[in-house]
Amino acid sequence: MLKEFKAFIMKGNILDLAVAVIVGAAFKTVVSSFVKDMLMPPIGMALGGVDFSDLRFTIQEASEGVEAVTINYGAFTQTIVDFVIIAFVIFMVVKAYNSMQKKKEETPAAPPAPSNEEVLLGEIRDLLKK
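Residues numbered from 1 in each chain as written. Predicted model: local features only at pLDDT ≥ 70, side-chain atom pairs only at ≥ 80, totals over all residues. Heavy atoms only, no water.

**Regarding the overall build of the protein chain**
What the protein chain contains, in helices and strands, is four helices and two strands. Seen in sequence order, the protein chain has helices and strands lined up from the N terminus as α-α-β-β-α-α. Taken over the C-alpha trace, the protein chain has a radius of gyration of 31 Å; the compact-globule value for 130 residues is 14 Å, which it surpasses by more than 25%. The principal-axis extents of the C-alpha atoms in the protein chain amount to approximately 110 × 55 × 20 Å. Among the 130 residues that make up the protein chain, the fraction classed as buried is 8%. Put simply, 40% of the contacts in the protein chain that link residues at least 6 apart link residues at least 24 apart. (Helix = DSSP H or I, 4+ residues; strand = E, 2+ residues; numbered from the N terminus. Rg over C-alpha atoms; globule rule 2.2 N^0.38 Å. Buried < 20%, exposed > 50% of the residue type's maximum accessible area, 1.4 Å probe, protein only. Contact = heavy atoms within 4.5 Å.)

Next up, the structure:
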């Protein structure tokens, strides 16, 4: 069973998928930081100094020993912006990949070389013409 598991893990597709997941997680972190630290502050400033991470709707105020119950729509807005940026980048990568694949398909394959019989017949034909 251990050998089968090792063979399964070592398949190329599984390793490619693992690398893609790790790189995707790192990319998400970079995009989240970009949105939180670079994109949202100017947008918040343009909207009158609003900090999106603090935007929330309070359902129940905090009382003794009980935290406030809030709907954090600012954090949700930030997550939506993260998603849109990540989706756009993935779209552009897939579009570039598909474009490269189409170019490969459009280049015609070289015609096959004539067989030995065809070469000999061509030589005979040329000799008969003389």
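**Considering the nonpolar core**
Val31, Val35, Met40, Phe52 and Ile86 together form the largest nonpolar core, which totals five residues. Element by element, the count of residues in this core is highest for helix α2 (residues 12-46), at three residues. When residues no more than four places from it in sequence are discounted, the contact partners of Val35 are Met40, Pro41, Gln78, Val81, Asp82 and Ile85. (Core = buried A, V, L, I, M, F, W, Y, C linked by side-chain atoms within 4.5 Å.)

**Some details on the pattern of salt bridges**
In this structure the tally under the stated criterion is one salt bridge. Of the charged contacts, one joins Arg125 and Asp126 as a salt bridge, the two residues approaching to 3.4 Å between their closest N and O atoms. The class for Asp126 is partly exposed, based on a relative accessible area of 37%. (Salt bridge = Lys/Arg side-chain N within 4 Å of Asp/Glu carboxyl O.)

**Here we look at the confidence of the model for the protein chain**
Per-residue confidence for the protein chain averages 83 on the pLDDT scale, and 98% of its residues sit at or above 70. The least confident element of the protein chain is helix α1 (residues 2-9), whose mean pLDDT is 77; the most confident is strand β2 (residues 69-71), at 90. (pLDDT = per-residue confidence, 0-100.)

**Some remarks on helix α3 (residues 73-106)**
Taking 1.5 Å of rise per residue, the 34 residues of α3 would be expected to cover 50 Å, and the 49 Å separating its terminal C-alpha atoms lies within 8% of that figure. What α3 keeps buried is the set Gly74, Gln78, Asp82 and Ile86. (Expected span 1.5 Å × (residues − 1).)

**Re helix α4 (residues 116-129)**
Here α4 spans 20 Å end to end across 14 residues, near enough to the 20 Å set by a 1.5 Å rise per residue. For α4, the tally of buried residues reaches only one of 14 residues, placing the bulk of the element at the surface.

**Thoughts on the side chain of Gln78**
Here Gln78 is to be found in helix α3. You can call Gln78 buried: its relative accessible area is 11%.

**A look at the environment of Ser63**
Take Ser63: it is sitting in the loop between β1 (57-60) and β2. C-alpha of Ser63 to C-alpha of Ala87: the two residues are 24 residues apart in sequence and 41 Å apart in space.

**Regarding the side chain of Ser32**
Within the secondary structure, Ser32 sits in helix α2. When neighbours within four sequence positions are excluded, Ser32 is seen to be in contact with Gln78 and Asp82.

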